[in-house]
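Below, each chain spelled out in residue letters.
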Amino acid sequence: MSVQRLLTEKRHSEIVIHNGTVYLAGQLADDYSGDIAAQTRETLASTDRMLAEAGSDKSKILSVTIYLKELARDYAGFNQVWDAWVAPGAAPARACVEATLYKPEVLVEITVVAAL
């Protein structure tokens, strides 16, 4: 089985496709100055773009891992945006954890596994 890597840099590939499964690198907002709602919207927009690039979409997401800078503070705000975005009837398996992220301004990062 072949492995397809898209948007590859020295350290990582944004998208890896293998055996009908799409793996996305951690998705981030483009602008880190926004609050949790703004960063979540941008992160999910990036997720939509990456899935489209791979030939998939959010209705085919199998699982996500959500990393929040401050879980107690940002969980409700994240979920408000997430609940409006997730494909009806296609909620994926999900884990949400608190983590130290890429930069202090980053509030959310999401990794995705989806079917083609």
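Residues numbered from 1 in each chain as written. Predicted model: local features only at pLDDT ≥ 70, side-chain atom pairs only at ≥ 80, totals over all residues. Heavy atoms only, no water.

Undergrad: Break down the overall build of the chain for me, citing the residues and quoting the values.
TA: A tally of regular secondary structure across the chain gives two helices and six strands. Along the chain, helices and strands appear, N-terminal first, in the series β-β-β-α-β-α-β-β. Taken along the three principal axes of its C-alpha coordinates, the chain extends 45 × 35 × 20 Å. Looking at the chain as a whole, 41% of its 116 residues qualify as buried. (Helix = DSSP H or I, 4+ residues; strand = E, 2+ residues; numbered from the N terminus. Buried < 20%, exposed > 50% of the residue type's maximum accessible area, 1.4 Å probe, protein only.)

Undergrad: Got a sec to walk through the packing of aromatic side chains? Specific residues and values, please.
TA: The final tally for this structure, using the stated rule, is two aromatic pairs. For the pair F78 and W82, a centre-to-centre distance of 5.9 Å together with 20° between the ring planes defines the contact as stacked. Residue F78 and its partner W82 are both found in helix α2 (residues 71–85); the two are separated by four residues, about one turn of the helix. Taken individually, F78 and W82 each receive the classification buried, so the pair is uniform in this respect. Ring pairs connect the aromatic residues F78, W82 and W85, which therefore count as one cluster. (Phe/Tyr/Trp six-rings, centres within 6.5 Å; stacked < 30°, edge-to-face > 60°.)

Undergrad: I'd love a proper account of the side chain of S46, names of residues and values included.
TA: Within the fold, S46 resides in helix α1 (residues 36–54). The buried category is assigned to S46, whose relative accessible area is 7%. Within polar-contact distance, the side chain of S46 engages the side chain of Q27 at 2.5 Å. If sequence neighbours within four positions are ignored, S46 has contacts with Q27 and L28. (Polar contact = N/O pair within 3.5 Å; in protein donor to acceptor, adjacent residues only side chain to side chain. Contact = heavy atoms within 4.5 Å.)

Undergrad: So what about the nonpolar core? Which residues, and what values?
TA: Core analysis: the largest hydrophobic core is formed by 25 residues, its most contacted members being I15, V22, F78, I110 and V112. Residue assignment for this core shows that the elements contributing at least two residues are β2 (13–18), β3 (21–27), α1, β4 (61–68), α2 and β6 (108–115). In terms of residues, this core owes the most to one element, α1, which gives six residues. (Core = buried A, V, L, I, M, F, W, Y, C linked by side-chain atoms within 4.5 Å.)

Undergrad: Please set out the layout of surface pockets residue by residue, giving values where relevant.
TA: The gaps of empty space that remain are located by a probe, the size of a water molecule, rolled over the atoms. As a volume, the largest pocket reaches approximately 280 Å³. H12, E14, A25, G26, Q27, L28, D30, S46, R49, M50, Y102 and E109 together form the lining of the largest pocket. Counting only elements with at least two residues in the lining of the largest pocket, the list comes to β3 and α1. (1 Å grid on protein atoms, 1.4 Å probe; cavity = no way out; pocket = protein on both sides within 12 Å on 5 of 7 lines; lining within 4 Å. Points joined across faces, edges and corners; volume = space filled by probe spheres on them.)

Undergrad: Outline the pairing of β2, supporting the account with residue identities and numerical values.
TA: With five of its six residues buried, β2 lies for the most part within the structure. Sheet topology note: the strand β1 (residues 3–8)/β2 ladder contains five bridges and is antiparallel. Across the sheet, residue R5 finds its bridge partner in β2, namely V16. Where β1 folds back on β2, the antiparallel hairpin that results is connected by four residues. Sheet topology note: the β2/β3 ladder contains four bridges and is antiparallel. When the bridges of β3 are listed, I15 appears paired with L24. Remark: two residues form the turn of the hairpin made by β2 and β3, two consecutive strands paired antiparallel; N19 in that turn has positive phi of roughly 55°. (Pairing = 2+ DSSP bridges.)

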